[in-house]
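# Chain and residue survey
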Amino acid sequence: MEGSAAGKPKKSGARQCCICNQKRAALKRPKTLEQICRECFYEVFEEEIHQVIVENQLFKPGERIAIGASGGKDSTVLAFVLSELNKRHNYGLDLFLLSVDEGITGYRDDSLETVKRNEMQYGLPLKIVSYKDLYGWTMDEIVKMIGLKNNCTFCGVFRRQALDRGAALLKVDKLATGHNADDIAETVLLNILRGDIARLSRCTSIVTGEDGPIPRCKPFKYTYEKEIVIYPSC
Ligand SMILES: Nc1ncnc2c1ncn2[C@@H]1O[C@H](COP(=O)(O)OP(=O)(O)OP(=O)(O)O)[C@@H](O)[C@H]1O
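The structure presented is a predicted model; accordingly, all values stated were derived computationally and were not measured.

## Some thoughts on the nonpolar core
Ala 66, Ile 67, Phe 96 and Leu 98 are the most contacted members of the largest nonpolar core, which totals 36 residues. Residue assignment for this core shows that the elements contributing at least two residues are α1 (38-55), β3 (64-68), α2 (73-88), β4 (94-101), α6 (151-170) and β6 (174-176). Sorting elements by how many residues they give to this core places α2 first, with 6 residues. Not counting residues within four places of it along the chain, the set of residues in contact with Phe 96 comprises Arg 64, Ala 66, Ile 67, Leu 124, Pro 125, Lys 127, Leu 170 and Val 172. Ranked by size, the runner-up nonpolar core spans 7 residues in total, among them Cys 17, Cys 37, Phe 41 and Phe 45.

## Digging into the UniProt feature "domain: tRNA(Ile)-lysidine/2-thiocytidine synthase N-terminal" (unreviewed entry) in the protein chain
The sites that carry the UniProt feature "domain: tRNA(Ile)-lysidine/2-thiocytidine synthase N-terminal" (unreviewed entry) are, in the present numbering, residues 65-224. Between the C-alpha atoms that bound residues 65-224 there is a distance of 23 Å. The span itself is 52% helix and 15% strand.

## Digging into the UniProt feature "binding site: ATP" (unreviewed entry) in the protein chain
The UniProt entry lists Gly 68, Ala 69, Ser 70, Asp 74, Val 100, Gly 178 and Asp 183 under the feature "binding site: ATP" (unreviewed entry), expressed in the numbering used here. Among residues more than four places away in sequence, those in contact with Gly 68 are Ser 75, Leu 98, Leu 163, Leu 175, Ala 176, Thr 177 and Gly 178. Examined against the element boundaries, Ser 70 turns out to sit in the loop between β3 and α2. Not counting chain neighbours up to four residues away, the residues in contact with Ser 70 comprise Ser 75, Ser 99 and Ser 111.

Cut-off values and rules
- Residues numbered from 1 in each chain as written.
- Predicted model: local features only at pLDDT ≥ 70, side-chain atom pairs only at ≥ 80, totals over all residues.
- Core = buried A, V, L, I, M, F, W, Y, C linked by C-beta atoms within 7 Å.
- Buried ≥ 20, exposed ≤ 12 C-beta atoms within 10 Å, placed from the backbone.
- Helix = DSSP H or I, 4+ residues; strand = E, 2+ residues; numbered from the N terminus.
- Contact = placed C-beta atoms within 7 Å.
- UniProt positions renumbered as here; feature names shortened; annotations may be inferred.

Structure below.
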């Protein structure tokens, strides 16, 4: 039995992973506070997402799925995990990366380079749709005209529509985005503060837009942002 004569547990620098009980724990899992090893973290992280996909029937075999790829951490991890799970569990999906280039110099041009790298690394075809091609204006040009006030609102509306247009060009059945549990919690609070009851009831749905041009789903609905940050570097 571990512990000294006084009954105190012996201090040990190297704790064992509480899942496999074999390897040394490498991190405290943000979602459960369990001390676990790298290998078990990868496994539980990916397995939980697989369970969410299965339990919510997010995809059907043979479907064409676009992953909204911004080049940020959430959608980059989503693209990797979905392509892995698709192979591992034979989902039978045709996956695509879909990026919207808003035309914001020094911001999206950089992150699009990440998406182009992901296209090569994960072997997923990439489609980029730009505000310039779709609307004739880049976001930089729009800001020059209207100034910075309300520009985020315009950009959000344009991006939504651009994703729909890109999805139509790719002829996909659904669009998956990297919205995570923290994003959803933020949206809930925002809708409470605004008193927007209609949006409040919709914003936690894992699938939205089923009555619109293209349904959207959030496979990371229950995934903590901190774990998405840890995942690639763990
Ligand atoms: N320019 C874009 N092109 C394609 N998809 C996008 C774009 N911007 C956002 N998305 C999609 O919407 C999700 C939420 O976008 P948001 O702008 O809130 O960024 P985020 O939470 O920082 O995510 P990320 O880390 O993937 O950028 C992204 O994960 C992505 O799937």
